Amino acid sequence: MTNQIKIAVVGVGRWGVHLLRNFLENPQVAVAAVVDPNSERLATVQRQYFFSKTTEKSILLTTEWQKIKQITDLDAVVIATPASTHYSLITDALNWGYHVLAEKPLTLNLKECHELCQLAQKRQRQLMVDHTYLFHPAVERGQVVVQEGELGDLRYGYACRTHLGPVRQDVDALWDLAIHDIAIFNTWLGQQPVSVQASGRVWLQGGQGEHGGHGRISPLSSPSGLADLVWVTLTYPNGFQAYIHLCWLNPDKQRRLVVVGSRGSLIFDEMSAASPLTLLHGELEMQANHFIPVNQSQQVLQVEKNEPLKRVCDRFVHCIHNNTPCMVSSGWIGTQLVNILAALTESLNQNGKLVVLNTDHY
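Keep in mind it's a predicted model, so treat the numbers as computed, not measured.

### Things to note about the overall build of the protein chain
Thinking step 1. Within the protein chain, the regular secondary structure consists of nine helices and 15 strands.
Thinking step 2. Relative to a compact globule of 362 residues, whose C-alpha radius of gyration would be 21 Å, the protein chain shows 22 Å and is just as compact.
Thinking step 3. Structurally, the protein chain occupies a C-alpha span of about 80 × 50 × 40 Å along its principal axes.
Thinking step 4. Across the 362 residues of the protein chain, 50% fall into the buried class.
Thinking step 5. Taking the contacts inside the protein chain whose residues are at least 6 apart along the sequence as the reference set, 69% of them involve residues at least 24 apart.
Thinking step 6. Summed over all atoms, the accessible surface of the protein chain reaches about 17,000 Å², with 49% contributed by carbon and sulfur.
Thinking step 7. In the protein chain, 29 side chains carry a positive charge and 32 a negative one; their mean positions are 4 Å apart.

See the structure below:
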């Protein structure tokens, strides 16, 4: 196909291979390079995707990031590496003239996020963040339901994201898991939180060299302790509050988010493949000095069957073709989410102190 976008995929670990697969399947894209410092991963990718000698010769497989500059007319890079590496890689890519799709979070530092967004604007390149849930058909349908007022007056929301691993060693459960549910609440409400709180517990990777189970808990305020369990509270401008439970040592795997209103609740349950989005109608009515449930019903909402990550990749291609920002998941939206996570970290390290968000920069 002519006018294909030439892309380099950087990082082919657990998530990067899914990005690679989607771009290889996209007829508008030519994958020109795969970069990973781990030569064994490159060998696996070579066996799995590049069995054709013709294809293999046309794609650069390298452990050295700088080598992508050898590729003529490279348009974009896709970065699926640890977040601690994002700033330097994205800075290089933008300065070399490439559009960038980065795995979430954009970086682990709010100042760096600002710098990257400003650099993308200066270089007139697109910077997009892979907040995959924002492209989930159930999340898109849920946004319409909430914003059209089907739930009545919004009261509160809650979410639970738990599983037994994988346990990260670079960030805590907050940075690993919370960004998904925060992004969904923000999108459904059409607002950013004005204040946040977080509290949690550390069992596995504690501060001052403490490790291991048997109930041994490190102080939350320790900067070297990675929280395994985190409880989050988000407060929005209209008074709506969302509560999020995050844990990576709970065998009860849950991926569930709910918004409760005066006339019903909307439930996004990712673990229910057949019916991920359900609208429960029901309210309370005073009858003879008692509150009685009335108008109860359940409606499973139909949603499009489409892989969210494929839609992320398709949107990135569209943004490159038109050189226009992704309104759903631009670098600036990624920066807003990092701002919230940074405030939650401040609260977590001060034992749940209320932290007011500074949103002046947006």
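Having seen the structure, we can now continue with the description.
### Structural notes on the state of the cysteines
Thinking step 1. Going through the model one piece at a time under the given rule, you end up with zero disulfides.
Thinking step 2. The thiol sulfur of Cys113 is not disulfide-bonded, and the nearest other cysteine sulfur, from Cys117, lies at 6.7 Å.
Thinking step 3. Free of any disulfide, Cys326 has its nearest neighbouring cysteine sulfur in Cys319, separated by 4.8 Å.
Thinking step 4. The class for Cys326 is buried, based on a relative accessible area of 3%.

### Some remarks on the packing of helix α1 (residues 16-25) against helix α8 (residues 308-322)
Thinking step 1. Remark: α1 packs on α8, axes separated minimally by 10 Å, with the N-to-C direction vectors making an angle of 60 degrees. The orientation of α1 relative to α8 falls into the category oblique. Along this stretch, α1 crosses α8, giving a crossing that reads as right-handed. Contacts between α1 and α8 involve His18, Leu19, Asn22 and Phe23 from the former and Leu309, Lys310, Cys313, Phe316 and Val317 from the latter.

### Considerations on a nonpolar patch on the surface
Thinking step 1. Among the surface-exposed residues, Tyr156, Tyr158 and Tyr243 lie close enough to one another that they form a single nonpolar patch of about 270 Å² accessible area.
Thinking step 2. If you trace the backbone, Tyr158 turns up in strand β7 (residues 154-164).

### Things to note about the packing of aromatic side chains
A ring pair, where both rings are aromatic, is described by two values, the distance of the centres and the angle of the planes.
Thinking step 1. Going through the model one piece at a time under the given rule, you end up with seven aromatic pairs.
Thinking step 2. Connected via pairs of aromatic rings, a cluster forms that spans Trp65, Trp96 and Tyr98.

### Observations concerning the sheet that holds strand β6 (residues 127-130)
Thinking step 1. Ordered in space as β3-β2-β1-β4-β5-β6, the six strands form an open sheet in which the pairing is parallel. Of all strands in the sheet, those bounded by a partner on one side alone are β3 (60-62) and β6. Within this sheet the neighbouring strands show an average axis-to-axis angle of 20 degrees, counted without direction.
Thinking step 2. In the sheet, strand β5 (residues 99-103) pairs with β6 via four bridges, with the strands oriented parallel. Its bridge partner lying in β6, Leu101 is registered against Met128.
Thinking step 3. Strand contacts of helix α4 (residues 86-95): β1 (5-10), β4 (76-79), β5 and β6, with the helix running at about 165 degrees to β5, the strand carrying the most contacts.

### Side note on the sheet that holds strand β10 (residues 241-247)
The pairing of strands in a sheet happens through backbone hydrogen bonds and is either parallel or antiparallel.
Thinking step 1. Taken in spatial order, the nine strands make up an open sheet running β14-β13-β12-β11-β7-β10-β9-β8-β15, and their pairing is mixed. With one partner strand each, in any of the chains shown, β14 (290-300) and β15 (355-356) form the two edges of the open sheet.
Thinking step 2. Where helix α7 (residues 173-189) meets the sheet, it contacts β7, β9 (229-235), β10, β11 (249-261), β12 (264-269) and β13 (277-287), and its direction lies at approximately 155 degrees from that of β10.
Thinking step 3. Running over the sheet, helix α9 (residues 331-348) touches β8 (195-201), β9 and β15 and is turned about 55 degrees from β8.

Rules and cut-offs
- Every chain is numbered independently, its residues counted from 1 as its sequence is written.
- Local features in this predicted model are restricted to residues whose pLDDT is 70 or higher, and side-chain atom pairs enter the listing and the counts only when it is 80 or higher, whereas totals over whole chains, interfaces and linings include all residues.
- Here the side-chain values reflect all heavy atoms present in the structure, with hydrogen atoms and water set aside.
- Only runs of H or I of at least four residues qualify as helices and only runs of E of at least two qualify as strands under DSSP, and these elements are numbered from the N terminus.
- We compute the radius of gyration over the C-alpha atoms and compare it with the globule rule, which gives 2.2 Å times the number of residues raised to the power 0.38.
- Partly exposed residues are those whose accessible area sits between 20% and 50% of the maximum for their type, while under 20% is buried and over 50% is exposed, using a 1.4 Å probe and protein chains only.
- The contact rule is simple, with two residues in contact once any of their heavy atoms fall within 4.5 Å.
- In this description, accessible areas are obtained by the Shrake-Rupley approach with a 1.4 Å probe, and a residue is regarded as covered only by the protein chains that are shown.
- In summary, the charge assignment counts Lys and Arg as positive and Asp and Glu as negative, without counting His or the chain termini.
- Each charge is placed at NZ for Lys, CZ for Arg, CG for Asp and CD for Glu.
- Working definition: a disulfide is two cysteine sulfur atoms within 2.5 Å of each other.
- For helices, the fitted axis covers only the stretch in contact; all axes are lines through C-alpha atoms, and the angles between them, taken along N-to-C directions, range from 0 to 180 degrees.
- In these notes the angle categories are as follows: under 35 degrees is roughly parallel, over 145 is roughly antiparallel, 65 to 115 is roughly perpendicular, and the rest is oblique.
- Crossing handedness is read from the near helix: turned anticlockwise from the far helix by less than a right angle, it gives a left-handed crossing, and turned clockwise, a right-handed one.
- Put simply, a patch holds well-exposed residues, over 30% relative accessible area, that have no salt bridge, with like charges counted together within 9 Å and Val, Leu, Ile, Met, Phe, Trp or Tyr side chains within 5 Å.
- Salt-bridge detection follows one rule: a side-chain nitrogen of Lys or Arg within 4 Å of a carboxyl oxygen of Asp or Glu.
- To pair, rings of Phe, Tyr and Trp, with the six-membered ring standing in for Trp, must have centres within 6.5 Å; the planes then decide the type, stacked if under 30 degrees apart, edge-to-face if over 60, and tilted in the middle.
- When DSSP finds two or more bridges between two strands, those strands count as paired.

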